Amino acid sequence: MELNSRIPEGPLAEKWINYKASQKLVNPANKRKLDIIVIGTGLAGASAAASFGEMGFNVKVFCIQDSPRRAHSIAAQGGINAAKNYPNDGDSVYRLFYDTVKGGDYRAREANVYRLAEVSNNIIDQCVAQGIPFAREYSGLLANRSFGGAQVSRTFYAKGQTGQQLLLGAYGAMSKEIERGTVKMYARREMLDVVIVDGRARGVIVRNLVTGELERHAAHAVVIASGGYGRVFFLSTNAMSSNGSAAWHAYKRGAMMANPCFTQIHPTCIPVHGDYQSKLTLMSESLRNDGRIWVPKDEKKAALLREGKIKATDIPEEERDYYLERRYPAFGNLVPRDVASRAGKERCDAGCGVNNTGRAVYLDFKEAIQRLGRKAVEEKYGNLFEMYERIVDENPYVTPMMIYPAVHYTMGGLWVDYELQTTVKGLFAAGEANFSDHGANRLGASALMQGLSDGYFVLPYTMQNYLADQIGVPRFSTDLPEFEQAEKEVRERIEKILNVNGTETVDSIHKRLGHIMWEYVGMSRTKEGLEKAIGEIKKLRAEFWQNVKVPRLKGMNNELEKALRVADFLEMGELMARDALMRNESCGGHFRAEYQTPDGEAMRDDVNYSFVAAYEFKGVDSEPVLHKEELKFENVEVKQRNYK
Amino acid sequence: MNLTLRIWRQKNNTVKGKFVEYHLDNVPKEASFLEMLDILNEQLVMKGEDPVTFDHDCREGICGACGLYINGHPHGKFKNTTTCQLHMRKFADGATITVEPWRSAAFPVIKDLMVDRSSLDKLIQAGGYVSVHTGGVPDANAIPVNKHCADLSMDAASCIGCGACVATCKNGSAMLFVSAKVSQFALLPQGQVEARDRVQKMVARMDELGFGNCSNTFACEAECPKGISVTNIARMNRQFLAAKIAEPLKK
Ligand SMILES: Cc1cc2nc3c(=O)[nH]c(=O)nc-3n(C[C@H](O)[C@H](O)[C@H](O)COP(=O)(O)OP(=O)(O)OC[C@H]3O[C@@H](n4cnc5c(N)ncnc54)[C@H](O)[C@@H]3O)c2cc1C
Ligand code: SF4
Ligand code: FES
């Protein structure tokens, strides 16, 4: 298989313009004859479905939840970036592009990122026109704030609920099309396989989660917008149903997985407190605008804090180590996420961590409250403070918050070319499910931008370009042998799980996988650890298939849903570890302890690893084949990231 | 802590349900309510019994998936709290907790504590949006919005679509939910163009779907986990009357 990124010719700033000028179109009468399946109703899926519907295509959309409005995009708090330069602080499309490439530690494709920066402004226009209640200044114009990894204020927000508002906007747009009849919604459905006919994606097999029946759906093209796979770690900021299965089965059918080891560990989450815990809660990065991160300088004081003998407020100013401000004076508390996470882990490893577990640092608002007043702080962060207090039972206006890094986002995903098409023709991937744009580390407020860019402003063009060749292809029958076969295989997978009838619950195995991943494929990785992880994951996978216990039920069966996802995570985790092992460098969220500078900063290897690692599936127990897409940087100077 | 749980069990919509009692020991008080149910389900699965089915996803109070009637209150008795944000430390050791699904004609039970709320989506489909197409819209700052209105609009837009307001209403009315959406747009210049149609279409759809009428008892506001205010209902009623007179919907 060949990787061809199909980047249009011409100077960077003209590529997308040229593409749009020369792409093929489908006339309105033909659009009605073409069907598109969209898997997922997050920002990427809902915006794509709405746009396809408006254009006149026939769209079928699927989601796991009872309503498309509940996709996990709803949980995004902080904001969405755009290069509007409304605050007049020197922002531009180029600068947003540059920050994103740099933030991604030079492991993203220039052309894609530039396009993302280019359409970012259209997204804000679109969302305002939809009636999304963004935060405003007294002038009535839009307000902005700053986010990690940037020196300008380019983040638009709607309280601490930006994802909710953007998703409800896309959901509204899609609802409009459902009402018009161009989009048909299938909620409580889980896609379990892609159907390939003559080398092209032509449909999916889904399980109706209410009846338990398998369904076949055919179309001329399929878009996977199923979100990220962070739940491979069990504990993460993702929702309970977030999964990697849609992408994983696309991979098993010939789409390549790119940079699977690039995982984002977010620095500001509420720390872990017990093994019954089901998820970790993010405290938005925006808090780092005003909160200052510290631990005690003295290990002994930290020990007293852990034992509960003293309180954070007992530590005088001069005994506090504001370690981000100390190490990175230029960016201070606003360094990118990977840098902040590692620095926090470093302090905790050094024995200065707090909370009874020693795995936490303080995020302190004392100074902000003095500077801005409690009311202003409340207005900005009130809902986050409330959420914190609910979970931890401490008042962050009085005692500093405790935070610790947690798995948050997966930069890796299905490999796609410039058109967002995978290596399988007619199979597209959008949003967090694809690998594009963020390289080895995503900057805050850029995922929402990417999801909506893919769905509103990229796929409508590129999909049309693909479908222009398909107008002569009649609708597909789901009686084709390819559908028959795919359904049979899914049925067998389900039966195999139900037949194990062992003695371990799905969650207990999932938690063990999570421990392996966090320990060896988490914030700091080593050759030895990764080799160990691969062995342990294989063992655990074997154990799953011998000993998992899933009840056989008619209709609704949550345990089976979870088991199907965990079965895939058990394969995916191994690929992540293999990818991390292959990449003998530290870049972005991927930190290999062997590759660091004397003062503990990541050491990238541009001579040998300036490529996208795309894997081709060769069987569950066989090694995948690595394909390399070389990355060329012609418009930015590749430098060691320096936030000092 | 040790608990006695009385949980509504119902195999599907065609059979009758009943309460089943479970005893659960050693529940950590830091666990959330749903994590407590996870612990129960782990035990049930190991015993070969059918685990309790309930909706949930984000577990941080924003997706609106969770929704249990706990001791007679939707999402429990605490203010501005979704079921997933309720922690066991709020209950006494040894307590008996009764857990039921949303009960409303508009929300048929699917299984146990899980109900079908797709009627809420249908309400939005009737007009809960601004009908702009992708592309071809003006620059975002070409539409200034009074900050006070934008803030009020945001408050209304905070509705998570959980359906607690419907479940708690003795008439099964969806007025709070619909008025929140109508108000979000009524407070913004972008929403004005279609304002008259929107309110009439959404109200008509509410009737078609079998939601009840509002008799101003305001139980909905008291139980809404997002503090959606009943002033939204008043705003919608005003807009509805004005629209009906000025520009009635063409049938
Ligand atoms: C707590 C939190 C806060 C965040 N804050 C920010 C922020 O402030 N700014 C920012 O830019 N980004 C933020 N992010 C990241 C961002 O929210 C996500 O990356 C983005 O929303 C993903 O959108 P998506 O459309 O790709 O996927 P999702 O929104 O995750 O949607 C996935 C969809 O796919 C469906 N699906 C999945 N698998 C299947 C299947 N097999 N069959 C059928 N349907 C399926 C699901 O039902 C769902 O509808 C945050 C993320 C989290 C977790
Ligand atoms: S108005 Fe409140 S109770 Fe009703 S659906 Fe919205 S958030 Fe839930
Ligand atoms: S699970 Fe999402 S709001 Fe409770």
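In this convention, every chain numbers its residues from 1, walking through the sequence in written order. As they are written, the chains are lettered A onward and the ligands numbered 1 onward, keeping that order. The predicted origin of the model limits local features to residues at a pLDDT of at least 70 and limits the giving and counting of side-chain atom pairs to 80 or more, whereas totals for whole chains, interfaces and linings rest on all residues. Think of the side-chain values as coming from all heavy atoms in the structure, minus any hydrogens and water.

1. Things to note about the overall build of chain B
Per the convention used, a helix needs a DSSP run of H or I reaching at least four residues, while a strand needs a run of E reaching at least two, with both numbered from the N terminus. Looking only at helices and strands, one finds 8 helices and 7 strands in chain B. Should any heavy atoms of two residues lie within 4.5 Å, those residues are counted as being in contact. Considering only intrachain contacts with a sequence separation of at least 6, the fraction spanning at least 24 residues in chain B is 70%. Using a 1.4 Å probe, accessible areas were evaluated by the Shrake-Rupley method; residue-level cover was limited to the displayed protein chains. Carbon and sulfur atoms provide 53% of the accessible area of chain B, an area that totals close to 10,100 Å². Charge counting treats Lys and Arg as positive and Asp and Glu as negative, with His and both chain ends excluded. Where a charge lies is defined by one atom per residue type: Lys uses NZ, Arg uses CZ, Asp uses CG and Glu uses CD. Side-chain charges in chain B split into 29 positive and 26 negative, and the spacing between the mean points of these groups amounts to 6 Å.

2. A few points about the pattern of salt bridges
All names here are of chain A. Within this document, salt bridges are pairs made up of a side-chain nitrogen of Lys or Arg and a carboxyl oxygen of Asp or Glu, the two lying within 4 Å of each other. Inspection of every chain in the model, using the stated rule, returns 78 salt bridges over all chains. Taking the shortest distance from any N to any O, the salt bridge between Arg512 and Glu543 comes out at 2.7 Å. In this pair, Arg512 is assigned in helix 15 (residues 506-520) and Glu543 in helix 16 (residues 527-547), connecting sequence segments 31 residues apart. On the basis of relative accessible area, Glu543 is assigned to the partly exposed category, the value being 25%. With a closest N to O distance of 3.5 Å, Glu561 and Arg565 form a salt bridge. With Glu561 and Arg565 both in helix 17 (residues 558-582), this residue pair falls 4 residues apart, about one helical turn. Relative accessibility thresholds used throughout: buried, under 20% of the residue-type maximum; exposed, over 50%; partly exposed, between the two (1.4 Å probe, protein chains only).

3. What about the interface of chain A and chain B?
Across the contact, 74 residues belong to chain A and 73 residues belong to chain B. Considering only the side of chain A, the residues that lose the most area to chain B are Arg70, Tyr276 and Arg390 of chain A, jointly responsible for 12% of the buried surface there. Applying the counting criterion to the chain A and chain B interface returns 7 salt bridges. The partner of Arg188 of chain A in a salt bridge is Asp55 of chain B, with the nearest N and O atoms 2.8 Å apart. In the analysis that follows, any N or O atom pair within 3.5 Å is treated as a polar contact, provided that within protein one partner can donate a hydrogen and the other can accept it, and provided that, for residues neighboring in sequence, both atoms belong to side chains. For the pair chain A and chain B, the number of links is 41 residue pairs in polar contact (both at pLDDT 80 or more). Every element with two or more residues in the side of chain A that touches chain B is listed here: helix 3 (43-55), helix 5 (110-129), helix 6 (162-180), helix 12 (374-392), helix 13 (447-467), helix 15 and helix 17 of chain A. Take the side of chain A that touches chain B: its biggest share by element is 10 residues, from helix 6 of chain A. Gly falls in the polar group here, along with every residue not listed as nonpolar (Ala, Val, Leu, Ile, Met, Phe, Trp, Tyr, Cys, Pro) or charged (Asp, Glu, Lys, Arg). Of the residues assigned to the side of chain A that touches chain B, the class counts are 29 nonpolar, 25 polar and 20 charged. Buried area adds together the accessible area that both of two parts lose upon being put together, with accessible area traced by a 1.4 Å probe.

4. Observations regarding the sheet that holds strand 1 (residues 3-9) of chain B
All names here are of chain B. A sheet is described by the order of its strands in space; here 5 strands give the open sequence 2-1-5-3-4, paired in mixed fashion. Every interior strand has two partners, whereas the edge strands, strand 2 (18-24) and strand 4 (73-74), have only one. A strand pair is defined by DSSP finding two or more bridges across the two strands. One ladder, built from 4 bridges, connects strand 1 with strand 5 (residues 96-100); its direction is parallel. Each bridged residue has a counterpart across the sheet, and for Arg6 the counterpart in strand 5 is Thr98.

5. Section: the site of ligand 1
All names here are of chain A. Near ligand 1 there are 39 residues, and of these Gln65, Ser73, Met191, Glu432 and Leu448 occur at the shortest range. Backbone polar atom of Ala44 to an oxygen atom of ligand 1: 3.0 Å apart, as the coordinates give it. Leu448 is positioned with one of its backbone polar atoms (N or O) 2.8 Å from an oxygen atom of ligand 1. Burial of ligand 1 by the protein chains amounts to 97% of its free accessible area of 1,000 Å². Looking at the shell around ligand 1, the elements with two or more residues in it are helix 3, strand 6 (189-197), strand 15 (401-410) and helix 13. Sorting elements by how many residues they give to the shell around ligand 1 places strand 6 first, with 3 residues. Throughout this document, a residue counts as near a molecule or strand when at least one of its heavy atoms sits within 4 Å of that molecule or strand.

6. Let's talk about the layout of surface pockets
A volume near 720 Å³ is recorded for the second largest pocket. A cavity here means a set of 1 Å grid points, computed over protein atoms only, where a 1.4 Å probe fits but cannot escape. A pocket is an open set with protein on both sides within 12 Å along at least 5 of 7 lines, and lining residues have an atom within 4 Å of a point. Around the second largest pocket, the lining is made up of 44 residues, and of these Asn558 and Lys562 of chain A together with Asp38, His56 and Arg59 of chain B lie nearest the centre. Looking at which element gives the most residues to the lining of the second largest pocket, the answer is helix 17 of chain A, with 7 residues. Grid points are joined across faces, edges and corners, and a volume is the space filled by probe spheres set on the points.

7. Here's the deal with the side chain of Asp290 of chain A
Residues and elements named next belong to chain A. Mapped onto the elements, Asp290 comes out in the loop between strand 11 (263-269) and strand 12 (292-296). Taking the relative accessible area as the measure of exposure, Asp290 reaches 6% and is therefore buried. A distance of 3.3 Å separates the side chain of Asp290 from the side chain of Arg371, its partner in a polar contact. Ignoring any residue separated from it by four or fewer positions in sequence, one finds Asp290 in contact with Asp364, Phe365, Ala368, Arg371, Leu372, Lys380 and Tyr381.

8. What about the state of the cysteines?
Any two cysteine sulfur atoms within 2.5 Å of one another count as a disulfide. Enumeration over the complete set of coordinates arrives at 0 disulfides over all chains. Looking at Cys63 of chain A, it has no disulfide partner, and the nearest cysteine sulfur is the one in Cys63 of chain B, 11 Å off. The closest cysteine sulfur to the non-disulfide-bonded Cys220 of chain B is located on Cys165 of chain B, 6.4 Å from its own sulfur. Overall, Cys220 of chain B belongs to the buried group, its relative accessible area being 12%.

9. Details of the site of ligand 2
Residue and element names in this part refer to chain B. The immediate surroundings of ligand 2 are formed by Cys159, Ile160, Gly161, Cys162, Gly163, Ala164, Cys165, Leu176, Phe177, Cys224, Pro225 and Ile228. Those elements that provide at least two residues to the shell around ligand 2 are helix 4 (164-168) and helix 5 (175-186). For the shell around ligand 2, the class distribution of residues is 10 nonpolar, 2 polar and no charged.

10. Digging into helix 4 (residues 93-103) of chain A
Residue and element names in this part refer to chain A. Within helix 4, 8 of the 11 residues are buried, which leaves the element mostly enclosed by the surrounding structure. Those residues of helix 4 that fall on the buried side of the exposure criterion are Leu96, Phe97, Tyr98, Asp99, Thr100, Val101, Lys102 and Gly103. Buried residues belonging to helix 4 abut strand 3 (80-81), helix 5 and helix 13. Backbone geometry just after helix 4 places Asp105 at a positive phi near 55 degrees.

11. Let's talk about the domain arrangement of chain A
Residues and elements named next belong to chain A. When its domains are assigned, chain A resolves into domain 1 (267-407) and domain 2 (481-604). Residue ranges assigned to the domains are those given by an automatic or database domain assignment. Distance from the C-alpha centre of domain 1 to the C-alpha centre of domain 2: 31 Å. Between domain 1 and domain 2, the residue contacts involve 13 residues of the former and 11 residues of the latter. Between domain 1 and domain 2, roughly 810 Å² of surface is buried when both sides are summed, and carbon and sulfur atoms account for 59% of that area. Applying the counting rule to domain 1 against domain 2 returns 1 salt bridge.

12. A few points about the domain arrangement of chain B
All names here are of chain B. Examined at the domain level, chain B breaks down into domain 1 (3-111) and domain 2 (118-246). Computed from C-alpha coordinates alone, the two centres of domain 1 and domain 2 are separated by 29 Å. On the side of domain 2, 17 residues touch domain 1, which itself brings 19 residues to the contact. Approximately 1,300 Å² of surface area, both sides summed, lies buried where domain 1 meets domain 2, with 53% of it carried by carbon and sulfur atoms. The interface formed by domain 1 and domain 2 includes 0 salt bridges. Inspection of the domain 1/domain 2 interface yields 4 residue pairs in polar contact (both at pLDDT 80 or more).

13. Side note on helix 5 of chain A
All names here are of chain A. Residue count minus one, scaled by 1.5 Å, sets the expected span of a helix. For helix 5, with 20 residues, the first-to-last C-alpha span of 30 Å sits near the 28 Å given by 1.5 Å per residue. Residue Val119 marks the point of greatest curvature in helix 5, where the axis turns by about 35 degrees. Across the 20 residues of helix 5, 18 count as buried, placing the element largely inside the fold. One or two steps after helix 5, the chain reaches Gly131, where phi turns positive at roughly 90 degrees. A residue's bend is given by the angle between axes fitted to the 7 residues ending at it and the 7 residues starting at it.

14. Points about the packing of helix 7 (residues 245-252) of chain A against helix 17 of chain A
When two helices pack together, their arrangement is given by the angle between their axes and by how far apart the axes lie. All names here are of chain A. Running from amino to carboxyl end, helix 7 crosses helix 17 at an angle of 60 degrees, the nearest separation of the two axes being 10 Å. At the point where helix 7 passes helix 17, the crossing takes the left-handed sense. For the pair helix 7 and helix 17, the contacting residues are Ser245, Trp248, His249, Tyr251 and Lys252 in the first and Leu564, Arg565, Asp568, Glu571, Met572 and Leu575 in the second. Counted by class, the contact of helix 7 with helix 17 contains 5 nonpolar, 2 polar and 4 charged residues. All axes here are fitted lines through C-alpha atoms, helices being fitted over the stretch that makes contact, and every angle between N-to-C directions spans 0 to 180 degrees. Whether a crossing is left-handed or right-handed is set by the direction in which the near helix is turned from the far one by less than a right angle, anticlockwise for left-handed and clockwise for right-handed.

15. Here's the deal with the pairing of strand 15 of chain A
Residues and elements named next belong to chain A. The element strand 15 is extensively covered by neighbouring structure, given that 10 of its 10 residues are classed as buried. Judged from the 5 bridges that link them, strand 11 and strand 15 form a sheet pairing that is antiparallel. Within strand 15, the position partnered with Gln264 by the bridge is Tyr409.

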